Amino acid sequence: MREMVISELTQAMQELSRGFAHILPRIIVLVIVAFAGWVVAYLLKVLLRSFLRLIKFDKLSESAGASQLLSKAALPSATELLSRFAFWVAWLGFILLGISVLGVFGFQEQIAKFFLYLPRLFAALLTMFFGLLAAGFFSRAALLAAVNANLPSPRLLSVSVRTIIIIFVLSMVFEEVGVAEETVLVAFGIAFGALMLGLAIAFGMGGKDLAQQFLERRFGQEKKDEGKEDELSPL
Amino acid sequence: MAEESFLTDHFLGQLISVGEVDILVGVPTHNNAKTVRSIVETIQAGILTFFPRERAAIINADGGSRDGTPELVVRAAIGDAQRGSKLYALRTLPSISTQYASSPANGTALRTILAAAELLRAKACAVISPESTQLTADCLAALLKPVYAETFDLVLPTYRRHRFDGILLTNLLYPMTRALYGSRIREPYALEFAFSGRLGSQFLAQNPWHEETARAGSEVQFTLAAIAGGYPICQSFLGTKGHVERHSADLVPAMRQTVGVLFSSLEPNLALWSAKTGSEPIPTTGAEQEFTLEPLRINRKRLRDMFLTGVTELETVFQSILSPSTLAELQRIAGLEESRFRYPAELWVKTVYEFAAAYHKSVISRDHIIQALAPLFRGRAFTFLMENRNGSAADVENNIEGLCLEFERMKPYLVEMTNGRE
């Protein structure tokens, strides 16, 4: 009986040692891949940061209005954020590659999914950035046009333009990354519809007099011209 | 001759049948049927009176008129001018028309006239606005003679204007052009001017003629190209300025085609303008500028209100363009009550130079920078009106001269900003 127990224990120890001897090189490979990945990711971060600084990406981000959003969220600059993001994506990719060497059942499939997901993530980030750029540009264009046309509430107009574009961009981004696609689509439809309805009601109810004045100015010009003062000729 | 490719075959055929000319007069048009006939007759009378022995032609570059303007130009027979002025032509005076596009574009019209002048090897060429109803035969001679009979390459006009007409010109375009390039050109944006064949050919070849230039602004570019090229320039007094636009909505387009072009000239001419100090008068025939003083009903309150709205609503835009001290000063004067409100010359010059530097560095969209300047210009216009409300012509002239000197005095500030690292 005693001998049997000792034999079983010895066999178990031997199997454990064999298993450990079998996995140890793989763990070493994982550590090496992770370390090499860290070096590559770090170099990628440094290179990307230098490149973004060279092309004055922060300035572009500032004019897009992205910098203001980041600063409100207590996040670093757009250049730093993008560099760090690239670092983590690259390092995580290497770590996952290393883990795949361990041969854990079902993990290979998950890693493949992760790598397939990366292009969509980048596309979503690009959409977000250019969307914010467009929102900043068009909201400023609306503000300037409204001020020069002497329209009432130019800032409200500008903020409305910005909000509509950002809502539109966010819905595109969520659709791209595949997060609650249907919910986002429905929410976007409801929010956009509500906004338009709200604006229509607001202009209809609140802007009744304004619309009347506008129409009078537009079509009743002959009558008004009698008391009109001269405008300055700029040139 | 490379420029002939954008001209239509029909127009090229007409030009070939005309042959070489000494003098060419270009008339860019777009729906000017009401005035173009009398303009063409005046041009014909001018040529018959002052250049009877020279070979001459009239070229109409039309931007898609629908009121029969080109037909009127072509049909304006030389006989009409002869009957009216009892003049006799020693040569034929062809009058031909071409449609350069289906919508008007000043730059393309000028390019067409320049290409025609080059093909016909014109020695002297004049461009006449179809709305210059005050134009006389003497005016045409005053423009063409310095080029044809003397050695000038560009003749720009000076006018008799109302003291409050052309405030953008008197408060920004003239003083800044003068300070930058050292030439006291009163009308850098001219709709009537004359030039030599060599200047026309050089501008035709060197100007990029991109889409933006094609639309507007080529007039100022032409003047600046002549200055930058070191061509002899003079001015001729043409009397009262005809056709004055009086629509406030025209301010932003007017700023784009004048101030925008002036600002964009900073980059290619950096070495030239940053080295210039002071300014020199240029040869002028007749008065350099005359002001009329008849009363004009102007809505001053609206000007100030639009300035206030601009300063309040565009704060975020101004933060990208102006220095904190300039912005703070603008906000301070915006808070003053109407009777005490004043946009002083020094602050105005500082504002303009900071806008020019922001435009040069493209801190935001360049078109947005020009649009953002419009409300501030209204504030300056208000101050100009108040300062010269009861002033004589001499007072107005002194006021403008004072502003010009301020632009010259503060020029190092612009040089420093454009040369400074970002």
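Rules of the game
All residue numbers refer to positions counted from 1 along the written sequence of the respective chain. All chains are assigned letters beginning with A, and all ligands numbers beginning with 1, in the order in which they are written. Only residues with pLDDT of at least 70 are given local features in this predicted model, and only at 80 or more are side-chain atom pairs given and counted; all residues enter the totals for whole chains, interfaces and linings. Note on contacts: residues are paired as contacts if their backbone-placed C-beta atoms lie within 7 Å. Put simply, DSSP H or I for four residues or longer makes a helix, DSSP E for two residues or longer makes a strand, and each gets a number counted from the N terminus. All amino acids are sorted into three groups, where Ala, Val, Leu, Ile, Met, Phe, Trp, Tyr, Cys and Pro are nonpolar, Asp, Glu, Lys and Arg are charged, and the leftover types, Gly among them, are polar. A fitted line through C-alpha atoms serves as each axis, taken over the contacting stretch for helices, and the angle formed by two N-to-C directions is quoted from 0 to 180°. Any angle that falls under 35 degrees is termed roughly parallel, while one over 145 is termed roughly antiparallel, one within 65 to 115 roughly perpendicular, and all others oblique. Definitions for this section: a left-handed crossing has its near helix turned counterclockwise from the far helix by less than a right angle. A right-handed crossing has that turn clockwise. With C-beta atoms placed from the backbone, a residue is buried if 20 or more other C-beta atoms are within 10 Å of its own, exposed if 12 or fewer are, and partly exposed between those counts. Here a strand pair is declared whenever DSSP counts at least two bridges between the two strands. The term nonpolar core means buried Ala, Val, Leu, Ile, Met, Phe, Trp, Tyr and Cys residues held together as one set by C-beta atoms within 7 Å. By convention here, the domain bounds are inherited from an automatic or database domain assignment.

## Some details on the interface of chain A and chain B
Next, step 1: Across the boundary between the two partners, chain A contributes 18 residues, which contact 35 residues of chain B.
Next, step 2: Elements supplying a minimum of two residues to the side of chain A that touches chain B: helix H5 (107-148) and helix H6 (154-177) of chain A.
Next, step 3: In terms of residue count, H5 of chain A provides more of the side of chain A that touches chain B than any other element does, seven residues in total.
Next, step 4: Partitioned by chemical class, the residues of the side of chain A that touches chain B number nine nonpolar, four polar and five charged.

## Overview of the packing of helix H7 (residues 167-181) of chain B against helix H11 (residues 251-264) of chain B
Residue and element names in this part refer to chain B.
Next, step 1: Direction vectors running N to C along H7 and H11 enclose 20°, while the axes themselves pass 10 Å from each other. Considering the angle they form, H7 stands roughly parallel to H11. Crossing of H7 against H11: the hand is left-handed. Where H7 approaches H11, its residues Leu-168, Leu-172, Leu-173, Met-176 and Thr-177 are matched on the opposing element by Ala-254, Met-255, Thr-258, Val-259 and Leu-262.

## Thoughts on unusual backbone geometry
Negative phi values dominate among residues other than glycine, just as trans dominates among peptide bonds.
Residues and elements named next belong to chain B.
Next, step 1: Here Arg-121, not a glycine, exhibits a phi torsion of approximately 55°, which is positive.
Next, step 2: Looking at where Arg-121 falls in the secondary structure, it is placed in the loop between helix H5 (106-119) and strand S4 (124-127).
Next, step 3: Look at Arg-121 and you get partly exposed, because 14 C-beta atoms sit within 10 Å.

## A look at the pairing of strand S7 (residues 233-240) of chain B
All names here are of chain B.
Next, step 1: Looking at chain direction, strand S5 (residues 154-162) and S7 are connected through six bridges and run parallel. Paired with Thr-158 across the two strands is Phe-237, which belongs to S7.
Next, step 2: As paired strands, S7 and strand S8 (residues 284-285) are joined by two bridges and run parallel to one another. Bridge pairing in S8 places Ser-236 opposite Thr-285.

## A few points about the environment of Leu-143 of chain A
Next, step 1: In this fold, Leu-143 of chain A is placed in helix H5.
Next, step 2: Counting along the chain gives ten residues from Leu-143 of chain A to Ser-153 of chain A, while the straight-line C-alpha distance between them is 9.2 Å.
Next, step 3: With sequence-adjacent residues up to four places away left out, Leu-143 of chain A is seen in contact with Pro-154, Arg-155 and Ser-158 of chain A together with Glu-313 and Leu-314 of chain B.

## Overview of the nonpolar core
Next, step 1: Core analysis: the largest hydrophobic core is formed by 134 residues, its most contacted members being Ile-23, Leu-24, Ala-194 and Leu-373 of chain B.
Next, step 2: Of the residues forming this core, the biggest block, eleven residues, is contributed by helix H16 (residues 345-361) of chain B.
Next, step 3: Within the second largest apolar cluster, six residues are counted, among which are Phe-57, Ala-66, Ala-78 and Leu-132 of chain A.

## Examining the domain arrangement of chain B
Residue and element names in this part refer to chain B.
Next, step 1: Domain annotation for chain B reports domain 1 (2-292) and domain 2 (300-419).
Next, step 2: Distance from the C-alpha centre of domain 1 to the C-alpha centre of domain 2: 30 Å.
Next, step 3: Sorting the residues of the side of domain 1 that touches domain 2 by element identifies H7, H11 and helix H12 (270-275) as the ones contributing at least two each.
Next, step 4: Ranked by residue count, the leading element in the side of domain 1 that touches domain 2 is H7, at nine residues.

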